[in-house]
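Structural features, examined
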Amino acid sequence: MARVSELRVDYIDRPLGLENRRPRFSWTIEGEGRDLRQAAYRVQVAAHEAALANGDWLWDSGRIASSRSLDVVYEGPDLASRQRCVWRVNLWLMADGEPVQSAASWFEMGLLDADDWSAAWIAAPALEGDDGKTPLPAALLRRRFSSAGPLIAARLYVTALGAYEISLNGRRVGDAHLAPESTDFRRRGLYQIHDVTDLIGSDENVIAALLGDGWYGSAFAWKNERGVFGGPPNRLRAQLELTYADGGRETVSTDEAWRTAASAIASSEIYDGEVYDGRRELAGWSEVEFDDRAWALVVLPETLDLPLSAQVSPPIRETEILRATPITETDP
């Protein structure tokens, strides 16, 4: 009558982009009846579900007599960048000698070393007054690429000095707002990881981004001035890694082949809001068919040497829409 549920790795359900090389497993027990207490556990980790079922494990904790179900540390071989693992747990209960087995779950490692990044920082060509102190228009950036065959996986690793929204073939990637989120950018920045396998077409594709000032570029309260972190904002860094069914791999990175134009957002800041001019909107700019030949090529600017860490926490996202409510004043 018991079952294992809420499988977590470092407190997260199926984390994408984990950077802890010794992740910690947790779970809970649910069920009917009395005395559902854990007497022992056994955690098994494998490279894929078939290996998990066949006993070809990367790590098997063996049966451990313990009631512990929180922060059981992985003690198998070193995990590598981008490595995907599946895992499960078997439990023995005090009231029953038969083990209870969980369903399989998974986790995936991020980019663990600086050398895993092949993408360059890119920006729009410098405009008059581009000193890092003056708000500038948000930039549109895009690049076409071709898919070489059937895919089994596609991962997008992306960050910015500023704020970005990114899309593939006109479809927005993720639901985060104001990414990457605020950190002390003098010490590190955050990058986001997205599974975009379902967004890649079989032939021609385009990756496109809207890039503004964001947390990095806005004036912060303790100094009330822009550019406090050491360099101009509005830099984008992204690499799209494609894994094909035939075993081939390809990476589409931010480089000098990207094109850019000014967006309809004349300025945008965290505290001072946004100025939007709808007359400058470019319909279909994130679609494959859009003609970007008149756009300028991006530049590869000098950029703050910023250590990057994967964000695995939930992003800033829209959770509710508040509708306008009429208010009537019956007395002055």
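Cut-offs applied
- Counting starts from 1 at the beginning of each chain's written sequence and moves along it residue by residue.
- The predicted nature of this model means local features are confined to residues of pLDDT at least 70 and side-chain atom pairs, given and counted, to a pLDDT of 80 or more, with totals for whole chains, interfaces and linings taken over all residues.
- Only hydrogens and water are removed before side-chain values are computed, so all heavy atoms of the structure are retained for them.
- Any two strands between which DSSP finds at least two bridges are classified as paired.
- Secondary structure is summarised from DSSP: a helix means a run of H or I of at least four residues, a strand means a run of E of at least two, and numbering begins at the N terminus for each.
- The classification of residues rests on relative accessible area computed with a 1.4 Å probe and restricted to protein chains. Under 20% of the type maximum is buried, over 50% is exposed, and intermediate values are partly exposed.
- Geometry is summarised by axes, namely lines fitted to C-alpha atoms with helices restricted to the contacting stretch, and by angles between N-to-C directions that run from 0 to 180 degrees.
- Residues belong to one nonpolar core when they are buried, are Ala, Val, Leu, Ile, Met, Phe, Trp, Tyr or Cys, and are joined through side-chain atoms within 4.5 Å.
- Contacts: residue pairs with any heavy atoms within 4.5 Å of one another.
- Salt bridges are identified by distance alone: a Lys or Arg side-chain nitrogen within 4 Å of an Asp or Glu carboxyl oxygen.
- Points on a 1 Å grid over protein atoms alone make up a cavity when a 1.4 Å probe fits among them but cannot get out, and a pocket when they form an open set with protein on both sides within 12 Å along at least five of seven lines; lining residues each have an atom within 4 Å of a point.
- Grid points are joined across faces, edges and corners, and a volume is the space filled by probe spheres set on the points.
- When residues are sorted by character, Ala, Val, Leu, Ile, Met, Phe, Trp, Tyr, Cys and Pro go into the nonpolar class, Asp, Glu, Lys and Arg into the charged class, and all the rest, Gly among them, into the polar class.

1. A word on the sheet that holds strand β6 (residues 72-73)
Sheet strands pair via backbone hydrogen bonds, and the direction of the pair is either parallel or antiparallel. Ordered in space as β1-β3-β6, the three strands form an open sheet in which the pairing is antiparallel. The open sheet has two edge strands, β1 (2-9) and β6, and neither has a second partner.

2. Examining the pairing of strand β9 (residues 105-109)
In terms of residue burial, β9 counts as a mostly covered element, since four of its five residues are buried. Examined bridge by bridge, strand β2 (residues 16-18) and β9 share two bridges and lie parallel to one another. Following the sheet pairing, Leu 18 is matched in β9 by Met 109. Judged from the four bridges that link them, strand β7 (residues 84-93) and β9 form a sheet pairing that is antiparallel. Counted as the bridge partner of Val 86 is Trp 106 from β9.

3. Here's the deal with the pairing of strand β19 (residues 265-269)
For β19, the tally of buried residues reaches four of five residues, placing the bulk of the element in the interior. Here β19 pairs with strand β20 (residues 273-276) via four bridges, running antiparallel. Following the sheet pairing, Glu 269 is matched in β20 by Gly 273. Between β19 and β20, which pair antiparallel and follow one another directly, the connecting turn spans three residues.

4. Quick notes on the sheet that holds strand β14 (residues 189-195)
One open sheet accounts for five strands, arranged β17-β16-β11-β14-β22; its pairing is mixed. Looking at strand neighbours, the two that pair on one side only are β17 (249-253) and β22 (308-310), the edges of this open sheet. Neighbouring strand axes in the sheet, compared pairwise and without regard to direction, differ in orientation by 20 degrees on average.

5. Focus on the nonpolar core
Leu 156, Ile 166, Leu 168, Leu 236 and Leu 240 are the most contacted members of the largest nonpolar core, which has 28 residues in total. Breaking this core down by element, the ones donating at least two residues are β10 (139-146), β11 (151-161), β12 (163-168), β15 (204-212) and β16 (235-244). The greatest single-element share of this core, amounting to five residues, is contributed by β16. Once residues within four sequence positions are removed from consideration, Leu 236 is found in contact with Ala 120, Trp 121, Ile 122, Val 158, Thr 159, Ala 160, Tyr 164, Ala 209, Leu 211, Thr 254 and Trp 258. If you look at the next biggest cluster of nonpolar residues, it comprises 22 residues, including Leu 7, Val 89, Leu 91 and Val 100.

6. Remarks on the pattern of salt bridges
Taken as a whole and judged by the stated rule, the model has 22 salt bridges. Between Asp 116 and Arg 82 there is a salt bridge, with its nearest N and O atoms 3.8 Å apart. Linking Asp 116 in the loop between β9 and β10 with Arg 82 in the loop between β6 and β7, this pair joins segments that are 34 residues apart in sequence. Given the relative accessible area of 15%, Asp 116 is considered buried. In this structure Arg 82 comes out as partly exposed when scored by relative accessible area, which is 27%. Glu 241 is the partner of Arg 82 in a salt bridge, and the nearest nitrogen-oxygen pair spans 2.7 Å. One end of the pair, Arg 82, is in the loop between β6 and β7; the other, Glu 241, is in strand β16, with 159 residues separating them in the sequence. Salt bridges sharing common partners tie together Arg 82, Asp 116, Glu 241 and Arg 249.

7. What to know about the layout of surface pockets
Gaps left between atoms show up when a probe the size of a water molecule is rolled over them. There is about 490 Å³ of room inside the largest pocket. As for the largest pocket, its lining consists of 21 residues, of which Ile 193, His 194, Ser 313, Pro 315 and Arg 317 are closest to the centre. Looking at the lining of the largest pocket element by element, the count peaks at four residues for β14. Grouping the amino acids of the lining of the largest pocket by side-chain chemistry returns 10 nonpolar, five polar and six charged.

These figures capture arrangement, not role.
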